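Structure at a glance
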Amino acid sequence: MRTKTMFILMIVAALTLCLAASQPAVASDEEDVLEVLENCVKALNTSDASFLSSVWWHSQNASTFGPNKSAAFLTQGWDEIDKSNKEMAKLPAGAMSFSMHNPQVTVISDSVAIATAYFIVVTTDPATSAQDISQDRYTAVLKKIEGKWLIVHGHTSPLPTE
Amino acid sequence: MRKLTVLSICVALVFCLSFTTSAMASDEEEILQLQSNFLKANSTGDYALMSTLYWHSPKTISITPGSPPLILQGWDESIGQYWKMSSASAAEPTTTTSPLFIQPKVTFLKDDVAVINGYEYFVETDTKTKEQTTATIRITRIVQKIGGKWLIVNEHASMLPTE
């Protein structure tokens, strides 16, 4: 009887240990994904195209929908995405200022996560200093490849006004 | 003897490869059927059908092209309510809708997770005036195979930007 109780206790202890070990891994994945997004915002604000390059999946299957007319249709393949990132990096520092709000990360499997957030973008015309502001909703799909979270798809859309 | 072994391995590999490819093809067909059912449920206000297409979880997220709400989270809490209201207003339609899904693209991230991209194109006809309007919506729909069935776990739908 005593042996049986001990055995059950050991199983419970082992299960608790497994559960405790798995919890930080999930939390860590969420934190890692959030860090990728936060660093993307920093990279956008500092026109750091090389950082943006490091967090995108360099594949023909990577794709993105942009927030405006020039990026209205699906940009497909890393080469095309890289071109548009590099164009953005050519803008003078401070021309576009990004901030992210209410980010939410859902890890849907051991190697796929989805992040949603709001973006506020303040654009300053370098010549006239005239400013414009836009608000976007953002979804990023990320995949963990060789231990690193990479963006495989992005969808940015202007906040509807009607 | 050696030739026979090599031949057997080759046949087994070809068999495995064709099996995997056909499984993927079948999954892609099921995913496109899900997308087709979404359009059907949306245009006819069929809440019961719509309900079968989503993951009923507090983690499910939906960004719809209109506003408000801005971001819907959770089937019971938000998304289900949204579709219930939509289907109620569709009970007495003022327009008829012909939806199309254009340039479908399915990207598999894992065997059981995929992303659908494409454009939903709607032609709405006013039932009284017969006046027609069109709308193009960009789609990102993340689907996951849960309990053997492909379900929407996250979506972002937005109007095609014109500015």
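Every value quoted in this text rests on a predicted model; they were computed, and no experiment measured them.

The rules behind each value
- Residues numbered from 1 in each chain as written.
- Chains lettered and ligands numbered in written order.
- Predicted model: local features only at pLDDT ≥ 70, side-chain atom pairs only at ≥ 80, totals over all residues.
- Helix = DSSP H or I, 4+ residues; strand = E, 2+ residues; numbered from the N terminus.
- Contact = placed C-beta atoms within 7 Å.
- Pairing = 2+ DSSP bridges.
- Nonpolar A, V, L, I, M, F, W, Y, C, P; charged D, E, K, R; others polar.
- Buried ≥ 20, exposed ≤ 12 C-beta atoms within 10 Å, placed from the backbone.
- pLDDT = per-residue confidence, 0-100.

**Some details on the overall build of chain B**
Scanning chain B from terminus to terminus reveals 3 helices and 6 strands. Within chain B, residue pairs in contact and separated by at least 24 positions form 47% of the contacts whose partners lie at least 6 positions apart.

**A closer look at the sheet that holds strand 2 (residues 72-73) of chain B**
Residues and elements named next belong to chain B. If you walk across this open sheet you meet the 6 strands as 2-1-6-5-4-3, and the pairing is mixed. Pairing within the sheet leaves two strands with one partner each, and these edge strands are strand 2 and strand 3 (95-110). Where strand 1 (residues 61-63) meets strand 6 (residues 149-159), 3 bridges bridge the pair, whose relative direction is parallel. Within strand 6, the residue paired with I63 across the bridge is H156.

**Overview of the interface of chain B and chain A**
On the side of chain A, 27 residues touch chain B, which itself brings 26 residues to the contact. Secondary-structure elements contributing two or more residues to the side of chain B that touches chain A are strand 1, strand 3, strand 4 (113-126), strand 5 (132-146) and strand 6 of chain B. Its residues assigned to classes, the side of chain B that touches chain A shows 12 nonpolar, 10 polar and 4 charged.

**A few points about the environment of B:P161**
Relative to the helices and strands, B:P161 is located in the segment after strand 6. The exposure class assigned to B:P161 is partly exposed, which follows from the 18 C-beta atoms found within 10 Å. For the pair B:P161 and B:I137, spaced 24 residues apart in sequence, the C-alpha to C-alpha distance is 9.2 Å. The residues contacting B:P161, other than those within four sequence positions of it, are A:P67, A:N68, A:K69, A:A72 and A:P158.

**Quick notes on the pairing of strand 5 of chain B**
Residues and elements named next belong to chain B. Where strand 4 meets strand 5, 13 bridges bridge the pair, whose relative direction is antiparallel. By the bridge assignment, E120 is partnered in strand 5 with I137. Between strand 5 and strand 6, which pair antiparallel and follow one another directly, the connecting turn spans 2 residues, one of which, G147, has a positive phi of 60°.

**Remarks on the confidence of the model for chain A**
With 84% of its residues at a pLDDT of 70 or more, chain A has an overall mean of 88. The lowest-confidence element of chain A is helix 1 (residues 2-45) of chain A, averaging 74 in pLDDT; the highest-confidence one is strand 1 (residues 63-65) of chain A, averaging 98.

**Quick word on the sheet that holds strand 5 (residues 131-145) of chain A**
Pairing between sheet strands relies on hydrogen bonds along the backbone, with the strands arranged either parallel or antiparallel. Residue and element names in this part refer to chain A. An order of 2-1-6-5-4-3 is seen for the 6 strands of this open sheet, with the pairing classed as mixed. In the strand order of this sheet, the two ends are held by strand 2 (75-76) and strand 3 (96-109), each with one partner. Note that strand 3 and strand 4 (residues 112-124) share 11 bridges and pair antiparallel. Bridging across to strand 4, M100 finds its partner in F119.

**What to know about the environment of B:N154**
Take B:N154: it is sitting in strand 6. For B:N154 and B:K59, which are 95 residues apart along the polypeptide, the C-alpha to C-alpha distance reads 8.5 Å.

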